[in-house]
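Tertiary structure, described
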Amino acid sequence: MKKTVFTFAFILSVLSVRATDIQVIAEAFQSGNAALLAACMDSEVDMALPETARRVNGQEAVDLLARFFAVGKVSGFTVAHHADKKESGFIVGKLSTEKGDFRVNITYQTKEDKVIIQSIRIE
């Protein structure tokens, strides 16, 4: 029994080390604070919001997201699905605001254990 518990704990610890840390992204959406994502943005990001869809530089992506958060106060964010595949991954979540609920899709790459956001789609 002890051997089984130890083996299970070891496997979990190995898997958790391999998973990308998306905490900063979740916190930014949970608090409605786009500035937290500034360090995570790639040089160009595909942004799709209810009112616009275009490719912008990283700072413009943060500004668009900040404006979106300002229009409807954020009341919550939950990650519905998160997956990593080699040097990339994605997050699917639900963003709750005063204006309603939105589905959020984020794709990213990982470079040296850092998340680099490639696209954000809010629908």
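Report on the accompanying structure. (Residues numbered from 1 in each chain as written. Predicted model: local features only at pLDDT ≥ 70, side-chain atom pairs only at ≥ 80, totals over all residues. Heavy atoms only, no water.)

Remarks on the overall build of the chain
For the chain, the count of helices and strands is 3 helices and 6 strands. Mapped in sequence order, the helices and strands of the chain form the string α-α-β-β-α-β-β-β-β. Out of the 123 residues in the chain, the part that is buried amounts to 37%. Sequence-distant contacts, at least 24 apart, represent 42% of the contacts inside the chain between residues at least 6 apart. Carbon and sulfur atoms provide 55% of the accessible area of the chain, an area that totals close to 7800 Å². (Helix = DSSP H or I, 4+ residues; strand = E, 2+ residues; numbered from the N terminus. Buried < 20%, exposed > 50% of the residue type's maximum accessible area, 1.4 Å probe, protein only. Contact = heavy atoms within 4.5 Å. Areas by Shrake-Rupley, 256 points an atom, 1.4 Å probe, with all protein chains shown as cover.)

A word on the sheet that holds strand E4 (residues 88-97)
What the 6 strands build is an open sheet, ordered E2-E1-E6-E5-E4-E3; its pairing is mixed. Among the strands making up the open sheet, the edge pair consists of strand E2 (52-57) and strand E3 (74-85). Strand-to-strand twist across the sheet, computed as the mean angle between neighbouring axes with direction ignored, equals 20°. Two strands pair when backbone bridges link them, and strand E1 (residues 41-49) and E2 are joined in this way by 6 bridges, in the antiparallel orientation. Residue pairing across strands places methionine 47 opposite arginine 54, the latter belonging to E2. (Pairing = 2+ DSSP bridges. Axes fitted to C-alpha atoms, helices over the stretch in contact; angles between N-to-C directions.)

Some words on the pattern of salt bridges
Applying the stated rule across the entire model yields 3 salt bridges. Residue glutamate 44 is joined to arginine 55 by a salt bridge in which the shortest nitrogen-to-oxygen separation is 3.0 Å. Residue glutamate 44 is found in strand E1, and its partner arginine 55 is found in strand E2; the two are separated by 11 residues along the sequence. By relative accessible area, which is 48% here, arginine 55 ends up partly exposed. One salt bridge connects lysine 94 with aspartate 101, and the closest N-O pair in it is separated by 3.5 Å. (Salt bridge = Lys/Arg side-chain N within 4 Å of Asp/Glu carboxyl O.)

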